[in-house]
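Residue-level structure breakdown
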2 protein chains.
Amino acid sequence: MSSTETHALENRRAIATVCLSGTLEDKLTAAAAAGFDGVEIFENDLIASPWSPKQVREHCADLGLTVDLYQPFRDFEAVAPAVLAANLRRAELKFDVMEQLGADTMLVCSSVSPDAVDDDDLAAEQLHTLAERAAARGLRIAYEALAWGRFVNTYEHSWRIVRRAAHPALGLCLDSFHILSRGSDPAAIRTIPGEKLFFLQLADAPRLEMDVLQWSRHHRLFPGQGAFDLTAFTGHVRAAGYSGPLSLEVFNDVFRQADPGPAAVDAMRSLLALEESLGATTLPAAPALSGHAFTEIATAGAEVGQALAALGFAHMGQHRTKPVALWQQGEARILVNSAASGTTSDTAFDKGAGQGAGESASVVALAVESADPVASADRAQRLLAPLLPRTHSAGEADLSAVAAPDGTSVFFCRTGPGGSWLDDFAAVAGKAVDAGVTGVDHVSLTQPFDHFDEAALFYRAVLGLEPDPVTEFAAPFGLVRSRTVSGGTESGTVRIALDSALLRRGDWAPGVREPQHIAFTTADALASARVMRDLGAPLLPIPGNYYDDLDARLAPPPDLLDALRAHSILYDRDEHGVLLHFFTEILGGRVFFEVLQRIDGYAGYGAANAPVRMAAHRRSRLG
Amino acid sequence: MSSTETHALENRRAIATVCLSGTLEDKLTAAAAAGFDGVEIFENDLIASPWSPKQVREHCADLGLTVDLYQPFRDFEAVAPAVLAANLRRAELKFDVMEQLGADTMLVCSSVSPDAVDDDDLAAEQLHTLAERAAARGLRIAYEALAWGRFVNTYEHSWRIVRRAAHPALGLCLDSFHILSRGSDPAAIRTIPGEKLFFLQLADAPRLEMDVLQWSRHHRLFPGQGAFDLTAFTGHVRAAGYSGPLSLEVFNDVFRQADPGPAAVDAMRSLLALEESLGATTLPAAPALSGHAFTEIATAGAEVGQALAALGFAHMGQHRTKPVALWQQGEARILVNSAASGTTSDTAFDKGAGQGAGESASVVALAVESADPVASADRAQRLLAPLLPRTHSAGEADLSAVAAPDGTSVFFCRTGPGGSWLDDFAAVAGKAVDAGVTGVDHVSLTQPFDHFDEAALFYRAVLGLEPDPVTEFAAPFGLVRSRTVSGGTESGTVRIALDSALLRRGDWAPGVREPQHIAFTTADALASARVMRDLGAPLLPIPGNYYDDLDARLAPPPDLLDALRAHSILYDRDEHGVLLHFFTEILGGRVFFEVLQRIDGYAGYGAANAPVRMAAHRRSRLG
């Protein structure tokens, strides 16, 4: 990255209407609200709109949006004369639309038609003719190689044809998906003159072994949500001298049906993070995070507090003005908020976390230790995560919080000497039995299905955490997709696990609705389990069959196996080390706790044991 | 098919627990209730169960289920001596489980392990050793070639190894997915001695271009729901002399999370239909169906009746004992049931269709013309679709109905001279303007997502209709999957269109909840539209952009294009002919009508126009 690129990008930001759900009206409104400068109008969206192209142009102008591209025009080039004539008629009718729409560039995709022949000279000649027609009307043609184009399916090939056609109104459209999905080397893009790069479409995607057309039409993601290196790709295009918009074109089954407002915010956040990765940003850097300051559970019931006591936590403090108890053991701090205020819970430090307390329990807030809480909050706002409105009494800590995509409040704290949020709590003479809990390993939050990819990007961009790869496993009641984000310093680590049921709908839902849990660390899981059991903790029983299989599968030492079985402790092993972990029952209908010991740098989260835990949780709720 | 096979199959019917959602307890209960004889116990289901293997055996015995297979045992063969020793220890521990479980056969999958080598002699030798150990405990080994096995991935290869191993306790497991997904020719199965075929697993699947492991783990279907020829496949296996169970092993993301009760019924229905296709059944044949006798809409509002009047329908009759009006034009008959009885509607001929009437409108029943209604009802019951309980007064028609998977009542009728259901209606002097409607082309019902594949199988098996291929299209609010089933005689055709939103969840749902519609036929769509517009029918306006695009895309004659535009009539073309069709607005929140003209044998349903129609429907509801 050259040092001249530390200012903001000069490229404008655009989004294709096909990225978003709804009618054209819904899409334009959402794109403008998220701050985009322009849009690509996807033809099908226009066709279904009651607005004439001229009305669309006026509406975009009112919203502050330019119409940067009209797309797609298919199956044009390398055809017999009669087909060419029909294709030119079709093009002229679309030019009429573009003139009214105020779009000066049309995307022409490489042909997939059985009418086409494999003849670059003919393709170049006919594209020249099309460009001549376009130029006569002040328009231009951006030619794009589809990854599944019949003859033209690489950017190198489309560039040979455009060069051969040699018309000033004919240039290239580059699409990161079409190029990176085929494993093409994007470095040669640097050799293309910038003025021939008419348009740049950006899409990420997970690595999938499937038909590339289906992969493209259903599984694209916004930059940073998938496996492609869009920083390098975009760097090549900018180095070539491209000065047009960075435009998102993402076909994704989930985004296609999600509320377009949040989806457009997610899209814009992905572009802002991409710009930062290019070194071209005015965003403040993400301050280092060094652990979980506290996690807040709202519940009107007594189950959670009783369970914490039985896990050895001490009731250390009581909020001076709110019905919030502070429970602590080692560096693990849990706030239990018993304000049962209808549909919104009044968290210790905030209003409006948006999750009901009532009889049931919910994790409503998580707080991270930030090296610079003010800078953390500033960055969040610049990344379209506005500060939550807050109420705090005089003299109380003035913490900043933003809402994660699932509605959880995320606080930026600095716990420690001098003005800590802990001062808001009056000390309580809570007695405790040390059960060995030393801190919080991770907080696990089930995400609404529509927000899974958005959530990972939120935590990566806003908090600066690093996402692990997406994993999936077959749970007793359907597939679960899981992804963790983490980051930290020498003094501590923040880990958040995001889970989502892939398909679950309908009434057959015997599991727990969107379970949430907090995992505590211990240096000796067996000792902790013994103490907690003696304290009467509601620990989850694990079936004997699990241990018989564990013996066959991983053959832990017999003594250890017996102890695990006796205490319902689960076992996992990775290339680094071993995990020992156990769970409580479900508390307040939704929340549970985990206690875990990472041995020799075990890096995972025990996903292999999750189905057994989930079946056990269901049983304990039914029985 | 030999004529000696017209009796019922001698093979028992089994299902793998992995096919169904829930805990092992849920799965066994569902399998037994659907009438299966046995189960394959999937290891993960056992591991998560609190029942010991012995308790599982006892529970299965109580339910009348045998345990036919324990599966899967992975990565055993063709390894170095130290690995073999570990693998044999693992096997012996699983043999312990099988003995308690009462399962005499273990499935061993061909290895995918990096520890394995490509050595058939070594594989055969080690499988011989394993079979010897199994035989010593009265057990046997069924070796299966996974389609993605590292070295062994065809049934021909697994058979060479089993033959070479030459141990009586070692045989083959054949799985239709592993064989047909690779395009192997199953005919050579006939050359394998029947006594070496230890187990048969059946699964169908759609044709997908993707990684075969992902295809197998996520997209299998029950026989008859996919693209494989399971009749031919199973025929080969039976011809070889296989006498074990026909066992379903279907990994499917949807079934994994659906209520296991209906899923097990769906599974059993697929086996019964497969047996019928093999000519080995005692099921009565499906009587010919010759059209739609009536379709019943429940609504407390007046919108539907008013719309029917404006479409030229006459109010021809009123039910003698129930608040049900008969509307007719040509051979199209609609019953409008205004009994607004809370959560269940009291249909004209039935109770318990299970869909609320209230203010909104719903299609609650469809009636088909059957050549033999009694035989139709008998067949339905034999295919696990029990007759709905019915109330009818003395002298009224005694029609039989069953519930489709979405809860719609399906009646079997014979309209015509002598004892028709029409006699239950007192004539009304309804006046009408003939708008050219001649009958019902199709009824379109949005299916709950969980029941989409089940519904197609229901209509195919129970009613004897033929399903068309599954199609998908991008609608304004997300992907829609669609499949039609149809069948008929010279005197009429039954067509039912099944649609389902692929992913829709959450609150962003500006479209119509599970829309339903009835499509009427006309011989002159333009004339019908003119008459209906004059009558004040609430016809759906279509945007001008649609016609501009239609001109560019299909270039219909200019006069026709003008007329279509003037009357908001949509246009489509297939390899046979042309479709002209138009729609009403949404009535009662959910139901609408279509009027269509099929020209020159157009065979489709105008799916290309559906997104435009859906956007227009949304607009008309918002505006």
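Residues numbered from 1 in each chain as written. Chains lettered and ligands numbered in written order. Predicted model: local features only at pLDDT ≥ 70, side-chain atom pairs only at ≥ 80, totals over all residues. Heavy atoms only, no water.

Residue and element names in this part refer to chain B. Along the chain, histidine 451 falls in the loop between β19 (437–446) and α13 (452–463). A sequence separation of 45 residues divides histidine 451 from aspartate 406, and the C-alpha atoms of the two residues are 7.0 Å apart. For histidine 451, the residues in contact, after removing those within four places along its chain, are Pro262 and Pro405. (Helix = DSSP H or I, 4+ residues; strand = E, 2+ residues; numbered from the N terminus. Contact = heavy atoms within 4.5 Å.)

Residue and element names in this part refer to chain B. The sheet built from 8 strands closes into a barrel, its strands ordered β1-β2-β3-β4-β5-β6-β7-β8 with parallel pairing. This sheet shows a mean twist of 30° between the axes of neighbouring strands, independent of strand direction. The strands touched by helix α4 (residues 81–101) within the sheet are β2 (38–42), β3 (66–73), β4 (105–109) and β5 (140–144), with β3 carrying the most contacts at an inclination of about 165°. Each of β4, β5 and β6 (170–175) touches helix α5 (residues 120–136); the most contacted strand, β5, lies at about 145° to it. (Pairing = 2+ DSSP bridges. Axes fitted to C-alpha atoms, helices over the stretch in contact; angles between N-to-C directions.)

Taken together, the 55 residues of chain B in the interface contact 55 residues of chain A. Carbon and sulfur atoms make up 57% of the surface buried where chain B meets chain A, a total of about 4600 Å² over both sides. Counting across the chain B and chain A interface gives 6 salt bridges. A:Lys94 is paired through a salt bridge with B:Asp549; the nearest N and O atoms lie 2.6 Å apart. Viewed at the interface, chain A and chain B are joined by 18 residue pairs in polar contact (both at pLDDT 80 or more). When residues of the side of chain B that touches chain A are traced back to their parent elements, those giving at least two are α1 (24–33), α2 (43–47), α4, β21 (471–475), β22 (478–489), α15 (544–554) and α17 (610–622) of chain B. (Buried area = accessible area lost by both parts, 1.4 Å probe. Salt bridge = Lys/Arg side-chain N within 4 Å of Asp/Glu carboxyl O. Polar contact = N/O pair within 3.5 Å; in protein donor to acceptor, adjacent residues only side chain to side chain.)

Let us now look at the domain arrangement of chain A. Residue and element names in this part refer to chain A. Once the domains are mapped, chain A shows domain 1 (8–277) and domain 2 (289–622). Centre-to-centre, using C-alpha coordinates, domain 1 lies 43 Å away from domain 2. Facing the 17 residues of domain 1 at the interface are 16 residues of domain 2. Here domain 1 meets domain 2 over a buried area of about 1400 Å², counting both sides, of which 58% is carbon and sulfur. A per-residue breakdown of the area domain 1 buries against domain 2 is headed by Gln225, Val254 and Arg269, which together make up 39% of the total. Here domain 1 and domain 2 share 1 salt bridge between them. With its nearest N and O atoms 2.7 Å apart, the salt bridge here joins glutamate 276 to arginine 379. Residues of the side of domain 1 that touches domain 2, tallied by class, amount to 10 nonpolar, 4 polar and 3 charged. (Domains from an automatic or database assignment. Nonpolar A, V, L, I, M, F, W, Y, C, P; charged D, E, K, R; others polar.)

Here we take up the confidence of the model for chain A. Across chain A, pLDDT averages 92, with 93% of residues at or above 70. Throughout residues 350–358 of chain A the model reports pLDDT below 50, and contacts reaching past four residues in sequence, or to other chains, amount to 41 contacts. (pLDDT = per-residue confidence, 0-100.)

This part is about the nonpolar core. Counting 183 residues, the largest nonpolar core has B:Phe36, B:Ile41, B:Tyr459, B:Leu463 and B:Phe520 as its most contacted members. When we break this core down by domain, the ones giving at least three residues each are domain 1 (15–277) and domain 2 (289–622) of chain B. Excluding anything up to four places from it in sequence, B:Ile41 contacts B:Thr17, B:Leu24, B:Leu28, B:Leu46, B:Val56, B:Val67, B:Leu69, B:Tyr70, B:Gln71 and B:Leu101. If you look at the next biggest cluster of nonpolar residues, it comprises 180 residues, including A:Cys60, A:Trp148, A:Trp215 and A:Leu564. (Core = buried A, V, L, I, M, F, W, Y, C linked by side-chain atoms within 4.5 Å. Buried < 20%, exposed > 50% of the residue type's maximum accessible area, 1.4 Å probe, protein only.)

All names here are of chain A. The buried fraction of strand β2 (residues 38–42) amounts to 5 of the 5 residues, a majority that puts the element mostly inside the structure. The alternating pattern of β2 places Gly38, Glu40 and Phe42 and Val39 and Ile41 on opposite faces, both of which are buried. Strand direction decides the pairing type here: strand β1 (residues 13–16) and β2, joined by 3 bridges, are parallel. Its bridge partner being in β2, alanine 14 is matched across the sheet by glycine 38. Note on the crossover from β1 through helix α1 (residues 24–33) to β2: the handedness is right-handed. Note that β2 and strand β3 (residues 66–73) share 5 bridges and pair parallel. (Right-handed = clockwise from strand over helix to strand, strands pointing away.)

This part is about the pattern of salt bridges. Within this structure, the stated rule accounts for 48 salt bridges over all chains. Between A:Arg590 and A:Glu514 there is a salt bridge, with the nearest N and O atoms lying 3.5 Å from each other. Placement of the pair is A:Arg590 in the loop between β26 (578–583) and β27 (591–599) and A:Glu514 in the loop between β23 (492–501) and β24 (516–522), with a sequence separation of 76 residues. Taking relative accessible area as the criterion, A:Glu514 reaches 28% and is therefore assigned partly exposed. Between B:Asp26 and A:Arg618 there is a salt bridge, with its nearest N and O atoms 2.2 Å apart. Taken together, the positions of B:Asp26 in helix α1 and A:Arg618 in helix α17 (residues 610–622) put the pair across two chains.

Moving on, we get to the packing of helix α5 (residues 120–136) of chain A against helix α6 (residues 155–165) of chain A. Residues and elements named next belong to chain A. Two elements in contact, α5 and α6, have axes separated by 8 Å at closest approach and are oriented at 60°. As far as their axial angle goes, α6 and α5 are oblique. Of the two possible hands of crossing, α5 and α6 adopt the one that is right-handed. For the pair α5 and α6, contact is made by Asp120, Asp121, Ala123, Ala124, Leu127 and His128 and by His157, Arg160, Ile161, Arg164 and Ala165, respectively. For the contact of α5 with α6, the residue count by class is 5 nonpolar, 2 polar and 4 charged. (Parallel < 35°, antiparallel > 145°, perpendicular 65-115°, else oblique. Left-handed = near helix turned anticlockwise from the far one by under 90°.)

In this section: the packing of aromatic side chains. The full count for this structure, using the stated rule, is 28 aromatic pairs over all chains. Centre to centre, the rings of A:Phe294 and A:Phe411 are 5.8 Å apart; their planes meet at 45°, and the pair counts as tilted. Remark: A:Phe411 occurs in strand β17 (residues 409–413) and A:Phe294 occurs in strand β9 (residues 289–298); sequence separation between them is 117 residues. There is no split in this pair, since A:Phe294 and A:Phe411 are both buried. The side chain of B:Arg598 reaches across the aromatic face of B:Tyr605, ending 5.3 Å from its centre. One residue, B:Arg613, lies across the ring of B:Phe583, its end atom 5.5 Å from the ring centre. (Phe/Tyr/Trp six-rings, centres within 6.5 Å; stacked < 30°, edge-to-face > 60°. Lys NZ or Arg CZ within 6 Å of the ring centre and 35° of its normal.)

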